[in-house]
Amino acid sequence: MRVDVVTIFPEWFTALDVSLTGKARTSGLLDITVHDLRGWTHDRHRTVDDTPYGGGAGMVMRPEPWGEALDALASTPLDRREGEPGGRPVLVVPTPSGAPFTQSTARDLASADHLVFACGRYEGIDQRVVEEAATAYDVREISIGDYVLNGGEVATLAILEAVVRLLPGFMGNPGSLAEESHEDGLLEYPVYTRPTTWRGREVPAVLLSGDHGAIAAWRRAESVRRTVARRPDLAHPAAQLGLGGGPDLEIRTATRADAGELFTLTRACWLQELEANPGVTIPALEESLDDLVQSLTAWTTLVARAGGRLVGACRGRLEGEVWDIGRVMVAPDLQGRGLGRHLLELAEQAAPAGATSYQLFTGAGSTRNIALYKKAGYRLRGPAPGAAGAVLMTKPRHG
């Protein structure tokens, strides 16, 4: 992975030379370059800020140096790593007004070949810079929490650490990534080590029992207990979407009675796609309720319901020997919890015996979708025929 960081305080990033991140840089797994924004100024004072239009306190970072910096980094080829670039670079702009940073966001960013971080200062970066950058980058404005820092450097370091530890080969034991907070929608269970007794406090007996089933059950129960106590906002969807045999999740073939909710879910999910693919015509948003009802006879459609609510869906149909998978969607407030991957697996399992491969289409700008499908074994085949702004992905059927 290549990472470029633009800042007016390059010295912040000496921390990238220590611990596992430093080792990854030395080994070539990570190619990180820190750039001083003032290198793209042209006055003797190396000015990067000015007073805000409309009045108010503070200063705003000027667009000219940022525009030149981002132009230069977007046009620089990935010649310091093997392989071909995997698409447009991703521009990450840490800002208190951005979308919340989550483990799901970290996984999305870890699938990118090239990340560029824009570290703002003062009152922020002129908004025209972000708008203009969208012509060359996939732009992600991200907040690491509901508080304000002096600049984007600390946030960039936090985001970078969460992202790079997900890269294949970064962690000595990849299994350590599987049982962590937020990976399955729950907080991590408490952990213990030697000695078994310390200041009168004992390690829970179940962890010393050697009964792996009992240990797994205890850890799951402790994760749920912690989540309910500390993060009740996560507890309900985490319990609903455990996918480990939880009784509250039902996935079945759609019926006419599901059409109204399915229509609403489709609109919600594909409005997100429209945001990721501006200017692209999205058939799902052109469809009427009657069109959707008729599609239930042409497609094998599955719906997921939890707590009396329709929370996800997918569908498939046979075209020759190809099983065409479409409309894999999860309610926006429950995304990133594994349901989308589960629905994709079920859509594949629904393929009839005559299918020899799978195909699906997604927006060229839908980086989260593309990353999900790549992890599931799909390969990007290029622009979709007859669908401007969409890409085709395929996967052979084995067995």
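Residues numbered from 1 in each chain as written. Predicted model: local features only at pLDDT ≥ 70, side-chain atom pairs only at ≥ 80, totals over all residues. Heavy atoms only, no water.

What to know about the overall build of the protein
Okay, so step 1: Scanning the protein from terminus to terminus reveals 12 helices and 16 strands.
Okay, so step 2: Within the span of the protein, comprising 399 residues, buried residues form 45% of the whole.
Okay, so step 3: Of the contacts formed within the protein by residues at least 6 apart in sequence, a portion of 70% connects residues at least 24 apart.
Okay, so step 4: Carbon and sulfur atoms make up 53% of the accessible area of the protein, which totals about 21100 Å². (Helix = DSSP H or I, 4+ residues; strand = E, 2+ residues; numbered from the N terminus. Buried < 20%, exposed > 50% of the residue type's maximum accessible area, 1.4 Å probe, protein only. Contact = heavy atoms within 4.5 Å. Areas by Shrake-Rupley, 256 points an atom, 1.4 Å probe, with all protein chains shown as cover.)

Quick word on the environment of Thr 193
Okay, so step 1: Tracing the backbone through its elements, the reader meets Thr 193 in the loop between helix H5 (153–164) and strand S8 (197–198).
Okay, so step 2: Of the residues examined, Thr 193 reaches a relative accessible area of 62% and is grouped as exposed.
Okay, so step 3: For the pair Thr 193 and Leu 207, spaced 14 residues apart in sequence, the C-alpha to C-alpha distance is 9.9 Å.

Examining the packing of aromatic side chains
The description of an aromatic ring pair uses the distance of the two centres, along with the angle that the planes make with each other.
Okay, so step 1: Evaluation of the coordinates by the stated rule reveals one aromatic pair.
Okay, so step 2: The ring of Trp 299 carries the charged tip of Arg 315 above its face, separated from the ring centre by 3.9 Å.
Okay, so step 3: The lysine or arginine in question, Arg 327, covers the ring of Trp 270, its NZ or CZ lying 5.9 Å from the ring centre. (Phe/Tyr/Trp six-rings, centres within 6.5 Å; stacked < 30°, edge-to-face > 60°. Lys NZ or Arg CZ within 6 Å of the ring centre and 35° of its normal.)

Thoughts on the sheet that holds strand S6 (residues 114–118)
Okay, so step 1: On the basis of which strands lie adjacent, the open sheet formed by five strands has the order S2-S1-S6-S5-S7 and parallel pairing. Strands with a single pairing partner mark the edges of an open sheet, and in this sheet they are strand S2 (31–36) and strand S7 (138–143). Each adjacent strand pair in this sheet contributes to an overall mean axis angle of 25°, direction not counted.
Okay, so step 2: When strand S1 (residues 2–7) meets S6, the two strands line up parallel, connected through five bridges. Its bridge partner being in S6, Val 6 is matched across the sheet by Ala 118. (Pairing = 2+ DSSP bridges. Axes fitted to C-alpha atoms, helices over the stretch in contact; angles between N-to-C directions.)

Regarding the pairing of S2
Note on strand geometry: in a regular strand, side chains alternate between the two faces of the sheet.
Okay, so step 1: Two elements, S1 and S2, share six bridges in a ladder whose sense is parallel. When the sheet's bridge partners are listed, Val 3 is paired in S2 with Ile 32.
Okay, so step 2: In this view, the connection linking S1 to its parallel neighbour S2 by way of helix H1 (residues 19–27) has right-handed handedness. (Right-handed = clockwise from strand over helix to strand, strands pointing away.)

Considering the packing of helix H3 (residues 103–110) against H5
Okay, so step 1: The interhelical angle for the contact between H3 and H5, taken along N-to-C directions, is 70°, at an axis separation of 8 Å. Classed by the angle they form, the pair H3 and H5 counts as roughly perpendicular. Residues Ala 106, Leu 109 and Ala 110 of H3 pack against Ile 159, Ala 162 and Val 163 of H5.
Okay, so step 2: Residue classes in the contact of H3 with H5 are distributed as six nonpolar, no polar and no charged. (Parallel < 35°, antiparallel > 145°, perpendicular 65-115°, else oblique. Nonpolar A, V, L, I, M, F, W, Y, C, P; charged D, E, K, R; others polar.)

Thoughts on the pattern of salt bridges
Okay, so step 1: In the structure shown here, the tally under the stated rule is 16 salt bridges.
Okay, so step 2: Residue Asp 108 pairs with Arg 368 through a salt bridge whose shortest N-O separation is 3.0 Å. With Asp 108 in helix H3 and Arg 368 in helix H12 (residues 367–375), this pair connects stretches of sequence that are 260 residues apart.
Okay, so step 3: On the basis of relative accessible area, Asp 108 is assigned to the buried category, the value being 10%.
Okay, so step 4: Taking relative accessible area as the criterion, Arg 368 reaches 31% and is therefore assigned partly exposed.
Okay, so step 5: For Arg 121, the salt bridge goes to Glu 153, with nearest N and O atoms at 2.9 Å. Of the two residues, Arg 121 is situated in the loop between S6 and helix H4 (127–133) and Glu 153 in helix H5; the sequence distance between them amounts to 32 residues. (Salt bridge = Lys/Arg side-chain N within 4 Å of Asp/Glu carboxyl O.)

Topic: the nonpolar core
Okay, so step 1: Val 3, Leu 109, Leu 115, Phe 117 and Val 163 are the most contacted members of the largest nonpolar core, which totals 28 residues.
Okay, so step 2: Those elements giving two or more residues to this core turn out to be S1, strand S5 (90–100), H3, S6 and H5.
Okay, so step 3: At six residues, H5 tops the list of elements feeding residues into this core.
Okay, so step 4: Leave out the neighbours within four places in its chain, and Val 163 touches Met 1, Ala 106, Leu 109, Ala 110 and Leu 115.
Okay, so step 5: Counting 26 residues, the second largest nonpolar core, distinct from the first, contains Ala 304, Trp 323, Ile 325 and Ile 370. (Core = buried A, V, L, I, M, F, W, Y, C linked by side-chain atoms within 4.5 Å.)

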